[in-house]
Structure formats: C-alpha cells, structure tokens
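As a plain string of letters, each chain reads:
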Amino acid sequence: MNKNIGKFGIGGKRKRTPTSEDPYMPAEGHKEPAICESCQALYRNKRWYLDPAEAQKALNDSGVNRVTCPACRKISEHYPEGIVTLSGSYLWNHEEEIRNILRNEESKATSKNPLERIMRMEREGDDMVIETTEEKLAEHLGRALHSAHQGDLQVDWTDDHNVCRVQWRRD
C-alpha cells in the first residue's frame, strides 16, 4: 500500500491534502527539548510555545538543544509566506489605529503559535506593506482590518498554498 494512502484514503482521515509544505519546518522535527536562541520560543511535544519562566530555566540547562526556530530563520533569510498590502487615503488618516489593530492581532496569534509573526510593516510609496512568517496570519490580518474598517479586501493564495497575498483598500 502507498505510504500516503491509508485506510481512510489520500490525506488521511479527513481526506485533506496537505495545505503547505513549509521548507523551514523539518519533517523529522527538532531534537527535544529545544529553545530558539533568538526569540526563546520553546519546542516540546513537536510544538513551539512561549513561556518566559520556562525559557529562563531552559537557557541554563545544558541538556536543552539550542536551535533557531522556523520563524526566526524566515525573518533572517527574508522569506515571507504572507504579504499584506494596504492602500487608500483612509489608511494614512487612520494609520496609528490600523497599526495598533495589526500589532494586537499579531500578539494574539503569537500567543497561540509563536511561529506566526509580522516580519516587517513599512510604508512603500502610498502603500503599507506587511510581511508575515505564516500565510494564515496574513489572511487573518486582512480580515481583522476589514472587519474593523470595512474597505475592499482581496485574498489570493498560490496554487500550492505556500504564499498568501492580501490587498486591502479604502479611500
């Protein structure tokens, strides 16, 4: 029997195909326990999480593996999986409020999954461009902004679901 086709069919129990093949996520995972030397995210039970108190202990434990988490690698190698472009005169009249919404949404996402981060948020000409480490975060930011400020929202995924491009505009 093909390894990818189990008793429940292709994609397993729910017949889903993998949505993303992140080149920064090692298929075999990391040796556990591990800590990211850059952001102090912890890796245990095949999951990344944040716990400042536990991170302090881990930094002093020679048995904990030191690694660079996928998000920190993407940031250092400038590999965004999500690109959000905001435009329109409304944006610049409400810039501080919009930036706060985006940062608050990033905070909520990062508390659940420390690999979901905003890599950069900068003005480029008349647009604001936000790059994210995870494609779903880009979509989430666009939807949160649209929910709070309406405007026109467009979400596009590449065929392999590895990159999400979001455009939001309000004049």
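Criteria and cut-off values
- Residues numbered from 1 in each chain as written.
- Predicted model: local features only at pLDDT ≥ 70, side-chain atom pairs only at ≥ 80, totals over all residues.
- Heavy atoms only, no water.
- 1 Å grid on protein atoms, 1.4 Å probe; cavity = no way out; pocket = protein on both sides within 12 Å on 5 of 7 lines; lining within 4 Å.
- Points joined across faces, edges and corners; volume = space filled by probe spheres on them.
- Helix = DSSP H or I, 4+ residues; strand = E, 2+ residues; numbered from the N terminus.
- Salt bridge = Lys/Arg side-chain N within 4 Å of Asp/Glu carboxyl O.
- Buried < 20%, exposed > 50% of the residue type's maximum accessible area, 1.4 Å probe, protein only.
- Contact = heavy atoms within 4.5 Å.
- Polar contact = N/O pair within 3.5 Å; in protein donor to acceptor, adjacent residues only side chain to side chain.
- Nonpolar A, V, L, I, M, F, W, Y, C, P; charged D, E, K, R; others polar.
- Core = buried A, V, L, I, M, F, W, Y, C linked by side-chain atoms within 4.5 Å.
- Phe/Tyr/Trp six-rings, centres within 6.5 Å; stacked < 30°, edge-to-face > 60°.
- Lys NZ or Arg CZ within 6 Å of the ring centre and 35° of its normal.

(A) Up close: empty space enclosed by the protein. Within the structure shown, the criterion is met by 1 cavity of 30 Å³ or more. Lining of the largest cavity is provided by Pro33, Ala34, Leu42, Tyr43, Arg44, Tyr49, Glu54, Ala58 and Val64. Taken together, the elements giving at least two residues each to the lining of the largest cavity come down to strand S4 (42-44) and helix H1 (52-59).

(B) Here's a closer look at the pattern of salt bridges. In total, this model carries 12 salt bridges according to the counting rule given. We note a salt bridge from Asp22 to Lys74, for which the minimum N-O separation is 2.6 Å. Taken together, the residues span a long stretch of sequence, with Asp22 in the loop between strand S2 (9-10) and strand S3 (34-36) and Lys74 in helix H2 (residues 70-76) at a distance of 52 residues. Taking relative accessible area as the criterion, Asp22 reaches 13% and is therefore assigned buried. For Arg120, the salt bridge identified is with Glu131, shortest N-O distance 3.0 Å. Of this pair, Arg120 sits in strand S8 (residues 118-124) while Glu131 sits in strand S9 (residues 127-132), and the two are 11 residues apart along the sequence. The pair formed by Arg120 and Glu131 is uniform in burial state, with each residue classed as buried. The network of salt bridges with shared partners includes Asp22, Lys74, Glu81 and Glu134.

(C) Local environment of the environment of Glu131. You can call Glu131 buried: its relative accessible area is 7%. Separated by 47 residues in the primary sequence, Glu131 and Val84 have C-alpha atoms spaced 6.3 Å apart. Apart from the residues lying within four places of it in its own chain, the contact partners of Glu131 are His78, Pro80, Gly82, Ile83, Arg117, Ile118, Met119 and Arg120. A polar side-chain atom of Glu131 sits 2.6 Å from a polar atom in the side chain of His78.

(D) Fine view of the layout of surface pockets. Here the largest pocket is characterised by a volume of approximately 270 Å³. The wall of the largest pocket is formed by 14 residues, among which Met25, Tyr43, Lys46, Arg47 and Trp48 lie closest to the centre. A class-by-class count of the residues in the lining of the largest pocket yields 7 nonpolar, 3 polar and 4 charged.

(E) Region of the structure containing the nonpolar core. Within the largest apolar cluster, 19 residues are counted, with the highest numbers of intra-cluster contacts made by Leu86, Leu91, Ile98, Leu102, Met128, Ile130 and Trp168. Those elements that provide at least two residues to this core are strand S7 (82-87), helix H3 (89-93), helix H4 (95-112), S8, S9, helix H5 (135-149) and strand S11 (164-169). For this core, the element with the most residues is H5, which contributes 4 residues. Beyond its immediate stretch of four places on either side in the chain, Met128 contacts Val84, Thr85, Leu86, Leu91, Trp92, Glu95, Arg99, Leu102, Met121, Glu122 and Arg123.

(F) Expanded view of the environment of Met128. In this fold, Met128 is placed in strand S9. Sequence separation between Met128 and Leu86 is 42 residues; the distance between their C-alpha atoms is 5.1 Å.

(G) Local environment of the side chain of Glu116. Relative to the helices and strands, Glu116 resides in the loop between H4 and S8. For Glu116, the residues in contact, after removing those within four places along its chain, are Glu106, Ala109, Thr110, Thr133, Glu134 and Leu137.

(H) Layout of the packing of aromatic side chains. According to the stated counting rule, one finds 3 aromatic pairs in the structure shown. Both rings, one in Tyr90 and one in Trp168, keep their centres 6.4 Å apart while their planes meet at 65°; by these two values the pair is edge-to-face. Of this pair, Tyr90 sits in helix H3 while Trp168 is found in strand S11, placing the two residues 78 residues apart along the sequence. Note on Trp168: relative accessible area 0%, which makes it buried. The ring of Trp92 has Arg123 lying over it, and the distance from NZ or CZ to the ring centre is 3.8 Å. Seen from the ring of Tyr90, Arg170 lies directly overhead, with NZ or CZ sitting 3.8 Å from the centre.

Treat this as a map of the structure, not an account of what it does.
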